[in-house]
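Working through the structure, step by step
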Amino acid sequence: METFASELHEILDDPGFDLVVIATRHHEHASQVVRSLKAGKHVFVEKPLALTWRELDEVVNTVTDLTGSSLLMVGFNRRFAPASRLLKEILAQRRTPLMISYRLHGGYIPLEHWVQGAQGGGRNLGEACHLYDLFRFLADAPVKGIQASAIDPGTLPYRRNDNFCATLTYEDGSVGSLVYTALGPKAGLPKERMEVFCDGEAYLLDDFKSLIRASDGKVSGPAPSPTRATPRS
């Protein structure tokens, strides 16, 4: 069955659809999630789930009040990468908290791009949320505190929420540190790199192509290429 429509209600009112996939611009996500859940649909929504606390509260209240079996899933993908899942298995028996260091070079996006404005909410909410989800997945503990600092671009055409450091502490004692920047080169550098330290060991992931144990260089997955950068998304 194929249906072409410009209004969401035409899909929500159709009992032939059980699942709604929301891939609209970010400012529409929360309201469309709420409407879809209230219509009894399962929902897969691309990140971010919401742009404001008010929107998030509305989604949470809707999920809490559900009387049916509708499911909601957010499109966070880093935790589902094979290397991330393998690392999670390795860390299952850890004795110490984690020290996580993550660098994401997102590439420059012009200030007039929709991602940078009210429709996108900026790249901290729009993309860095992937990494906060990954930190939570690896630490397996609630967030205890958040600190952040950003550049001062002055009159230069850069955004503060394109270039910042965020540190999250967790109730198990773990710390996750993210450096997000758009100031680097377009080529020659992998987009993402993570180092995780615990129990006298360290694990390295470059663009999720492989997981390397630092003490002996053991590689799980295909060996990374130091000269090939991941295309910008």
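Preceding block: the structure.
This text gives an overview of the structure that appears in the document. Owing to the predicted nature of the structure, the values given are computational and were not obtained by experimental measurement.

On to the overall build of the chain, then. Helix and strand content of the chain: five helices and eleven strands. Here the chain holds 233 residues, and the buried ones make up 38% of them. A fraction of 64% describes how many contacts in the chain between residues 6 or more apart in sequence connect residues 24 or more apart. Element-wise, carbon and sulfur atoms account for 55% of the exposed surface of the chain, whose accessible area totals about 13,000 Å². Computing the positive centroid from 26 side-chain charges and the negative centroid from 28, the chain places the two 6 Å apart.

Of all hydrophobic cores here, the largest spans 29 residues; its most connected members are Leu-87, Leu-91, Tyr-102, Leu-138, Leu-178, Met-194 and Val-196. Of all elements in the fold, only helix H4 (82–91), strand E4 (99–105), helix H5 (123–139), strand E6 (164–170), strand E7 (175–181), strand E8 (192–198) and strand E9 (201–206) reach the threshold of two or more residues within this core. Looking at this core element by element, the count peaks at seven residues for H5. Among residues more than four places away in sequence, those in contact with Val-196 are Leu-87, Leu-91, Leu-98, Met-99, Ile-100, Leu-138, Glu-201, Ala-202 and Tyr-203. Counting 13 residues, the second-largest nonpolar core is a separate cluster that includes Val-20, Ile-22, Val-45 and Val-74.

Tallied over the entire structure, the rule returns three aromatic pairs. Its end group placed over the ring of Phe-137, Lys-88 keeps NZ or CZ at 4.9 Å from the ring centre.

If you trace the eight strands from one edge of the open sheet to the other, you get E5-E6-E7-E4-E8-E9-E10-E11, paired in mixed fashion. The sheet is open, and its two borders are formed by strand E5 (143–150) and strand E11 (218–220), each paired with just one other strand. Sheet twist, expressed as the mean angle between neighbouring strand axes with direction ignored, is 15 degrees. In this structure, E4 lies alongside E8, joined through six bridges in antiparallel fashion. Following the sheet pairing, Tyr-102 is matched in E8 by Met-194. The strands touched by H4 within the sheet are E8, E9, strand E10 (211–213) and E11, with E9 carrying the most contacts at an inclination of about 170 degrees.

Attention now goes to the packing of helix H2 (residues 29–38) against helix H3 (residues 53–64). Relative orientation of the contacting elements H2 and H3 amounts to 10 degrees, with a least axis distance of 9 Å. Here H2 is positioned roughly parallel relative to H3, judged by the angle of their axes. Taken as a pair, H2 and H3 cross one another with a handedness that is left-handed. Contact with H2, carried on its side by Ala-30, Val-33, Val-34, Leu-37 and Lys-38, involves Glu-55, Glu-58, Val-59, Thr-62 and Val-63 of H3 and no other residues of that element.

For His-105, the position within the fold is in strand E4. A distance of 3.3 Å separates a polar atom in the side chain of His-105 from the backbone nitrogen of Gly-184.

Contact pair H4 / H5: the axes reach a minimum separation of 9 Å and the direction vectors enclose 30 degrees. Taken together, H4 and H5 sit at an angle that is classed as roughly parallel. Side by side, H4 and H5 meet where Ser-84, Leu-87, Lys-88 and Leu-91 of the first sit next to Leu-134, Phe-137 and Leu-138 of the second. The class makeup of the residues in the contact of H4 with H5 is five nonpolar, one polar and one charged.

It is worth spelling out the environment of Ala-150 at this point. Mapped onto the fold, Ala-150 is located in strand E5. Expressed as a C-alpha distance, the spacing of Ala-150 and Glu-55, which sit 95 residues apart in the sequence, is 25 Å. Those residues within four positions of Ala-150 in sequence are excluded, and the remaining contacts are Arg-160, Asn-163 and Phe-164.

Definitions and cut-offs
- Positions within a chain are numbered from 1, following the residues in the order the chain's sequence is written.
- Note on the predicted model: pLDDT of at least 70 is required for a residue's local features to be given, and 80 or more for side-chain atom pairs to be given and counted; whole-chain, interface and lining totals, by contrast, use all residues.
- The basis for the side-chain values is all heavy atoms of the structure; hydrogens and waters are excluded.
- Runs of E in the DSSP output that reach at least two residues are strands. Runs of H or I that reach at least four are helices, and both are numbered from the N terminus.
- Only protein chains enter the accessibility calculation, which uses a 1.4 Å probe; a residue whose area is less than 20% of its type maximum is buried, one above 50% is exposed, and one in between is partly exposed.
- Contacts are assigned to residue pairs with any non-hydrogen atoms lying within 4.5 Å of each other.
- For the accessible areas, the method is Shrake-Rupley and the probe is 1.4 Å, while residue cover comes only from the protein chains on display.
- By the counting scheme adopted, Arg and Lys are positive, Glu and Asp are negative, and His together with the chain ends is not counted.
- Charge positions come from single atoms, namely NZ of Lys, CZ of Arg, CG of Asp or CD of Glu.
- Residues enter a nonpolar core if they are buried and are Ala, Val, Leu, Ile, Met, Phe, Trp, Tyr or Cys, with the set joined through side-chain atoms within 4.5 Å.
- Two aromatic rings from Phe, Tyr or Trp, using only the six-membered ring of Trp, form a pair when their centres are within 6.5 Å; if the ring planes differ by under 30 degrees the pair is stacked, by over 60 it is edge-to-face, and anything between is tilted.
- Charge-over-ring contacts are defined here by two conditions on Lys NZ or Arg CZ: a distance within 6 Å of the ring centre and an angle within 35 degrees of the ring normal.
- Strand pairing requires that DSSP identify at least two bridges connecting the strands.
- Orientation is described by axes fitted as lines to C-alpha atoms, over the contacting stretch for helices, and by angles from 0 to 180 degrees between their N-to-C directions.
- Geometric relationships in this document are graded by angle, where less than 35 degrees denotes roughly parallel, more than 145 denotes roughly antiparallel, 65 to 115 denotes roughly perpendicular, and other angles denote oblique.
- Handedness of each helix crossing follows the sense of rotation of the near helix against the far helix: counterclockwise by less than a right angle gives left-handed, clockwise gives right-handed.
- Residues adjacent in sequence count toward polar contacts only when both atoms are side-chain atoms; beyond that, a polar contact is any pair of N or O atoms within 3.5 Å, and within protein one must be able to donate a hydrogen and the other to accept it.
- Ten residue types, Ala, Val, Leu, Ile, Met, Phe, Trp, Tyr, Cys and Pro, are classed as nonpolar, four, Asp, Glu, Lys and Arg, as charged, and the remainder, Gly among them, as polar.

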